[in-house]
Structures are given as structure tokens and as C-alpha cells.
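# Breakdown of the fold
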Amino acid sequence: MEYTPYFDTLRKTRLLRGMTDAELTLLTESLAPRVRRYDKGELLLMAGYETKDVGIILEGEITATKPMPDGTPITMARMGPMCWQAAAAKARST
């Protein structure tokens, strides 16, 4: 997969800021990342479950929610492009 279209977005994160195209190419070749797309409302992960994935949201937004005792979800965080989070690499715009 070609990752160069994402390089400008990746460089906006603190961790990858200032990296050259050559450095980002080496990084993506070494890590073999995956770009995933999720549907609105799709569950990405649940708190307390083990995950080995880390991702950067490239487009769109994800919402972290927590259910109240009555089942009503409350929003804990909203994350958009350039945010790091476990398990999601690309979320569809909401």
C-alpha cells in the first residue's frame, strides 16, 4: 500500500513531526501499518480488553463513550485527525 498521501497528516502528530518523506517511508515499510475504515457507530474496542494495536486517526472522528448504570452512554472524549488511539487508524467522517 502507498502511504505517501498520509505523510502530511502523519507529520502533524508530535511523534512524527519533522520527519522527511524518506524517514516516513522507512517507518511505514518497517511497521507495515494498515489503514482501516469504520462505519458510523461501529465498535472499535472496549475498555478493559487487551489490544496490541495503536493507530492514528487520519480522517473523520471517533467518540469514546461509557455506559451509565441505566445504559445511557456518556461521551468521554472525541478524537479527530492526528489523534493517537488504540486500534483505530481511520474513522469515517461523522
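Residues numbered from 1 in each chain as written. Predicted model: local features only at pLDDT ≥ 70, side-chain atom pairs only at ≥ 80, totals over all residues. Heavy atoms only, no water.

We now examine the overall build of the chain. The secondary structure content of the chain amounts to two helices and four strands. When the helices and strands of the chain are listed from N to C terminus, the series reads α-α-β-β-β-β. Restricting the contact set of the chain to residue pairs at least 6 apart, pairs at least 24 apart contribute 61%. (Helix = DSSP H or I, 4+ residues; strand = E, 2+ residues; numbered from the N terminus. Contact = heavy atoms within 4.5 Å.)

Quick look at the pattern of salt bridges now. This structure, assessed with the given rule, holds three salt bridges. Here Asp-8 and Arg-11 are joined by a salt bridge, their closest N and O atoms 3.1 Å apart. Between Arg-78 and Glu-61 there is a salt bridge, and its shortest N-O distance comes to 3.7 Å. Here Arg-78 is found in strand S3 (residues 73-79), whereas its partner Glu-61 is found in the loop between strand S1 (55-56) and strand S2 (62-67), with 17 residues between them in sequence. According to the relative accessible area criterion, Glu-61 is partly exposed, its value standing at 28%. Connected through salt bridges with shared partners, the residues Asp-8, Arg-11 and Asp-21 form a single ionic network. (Salt bridge = Lys/Arg side-chain N within 4 Å of Asp/Glu carboxyl O. Buried < 20%, exposed > 50% of the residue type's maximum accessible area, 1.4 Å probe, protein only.)

Attention now moves to the nonpolar core. Counting eight residues, the largest nonpolar core is built from Tyr-3, Tyr-6, Phe-7, Leu-10, Leu-16, Leu-24, Ile-56 and Leu-58. Apart from the residues lying within four places of it in its own chain, the contact partners of Tyr-3 are Thr-28, Ala-32, Pro-33, Arg-34 and Val-35. (Core = buried A, V, L, I, M, F, W, Y, C linked by side-chain atoms within 4.5 Å.)

A word on the pairing of S3. Pairing between S2 and S3: six bridges, direction antiparallel. The residue bridging Pro-67 from the neighbouring strand is Pro-73, located in S3. (Pairing = 2+ DSSP bridges.)

Once that is clear, we can look at a nonpolar patch on the surface. Together, Leu-43, Met-46 and Tyr-49 make up a nonpolar patch on the protein surface, roughly 370 Å² of accessible area in all. Secondary-structure assignment places Tyr-49 in the loop between helix H2 (21-31) and S1. Owing to a relative accessible area of 59%, Tyr-49 belongs among the exposed residues under this scheme. (Patch = residues over 30% accessible without salt bridge, like charges linked within 9 Å, V, L, I, M, F, W, Y side chains within 5 Å. Areas by Shrake-Rupley, 256 points an atom, 1.4 Å probe, with all protein chains shown as cover.)

This brings us to the side chain of Thr-28. Checked against the element boundaries, Thr-28 lands in helix H2. Within the structure, the side chain of Thr-28 is placed 3.1 Å from the backbone oxygen of Thr-25, a separation counted as a polar contact. Dropping the residues within four chain positions of it, Thr-28 is found in contact with Tyr-3, Phe-7 and Pro-33. (Polar contact = N/O pair within 3.5 Å; in protein donor to acceptor, adjacent residues only side chain to side chain.)

Attention shifts here to the confidence of the model for the chain. As a note on interpretation, predicted positions should not be read in detail where pLDDT is low. Model confidence for the chain is summarised by a mean pLDDT of 81, while 86% of its residues fall at 70 or above. Put simply, strand S4 (residues 84-85) is where the chain has its lowest mean pLDDT, 57, and H2 is where it has its highest, 94. Predicted confidence for residues 86-94 stays below pLDDT 50, and this span has 46 contacts to residues more than four positions away or in other chains. (pLDDT = per-residue confidence, 0-100.)

Okay, the environment of Tyr-38 next. Within the fold, Tyr-38 resides in the loop between H2 and S1. According to the relative accessible area criterion, Tyr-38 is buried, its value standing at 9%. For the pair Tyr-38 and Gly-60, spaced 22 residues apart in the sequence, the C-alpha separation amounts to 9.8 Å.

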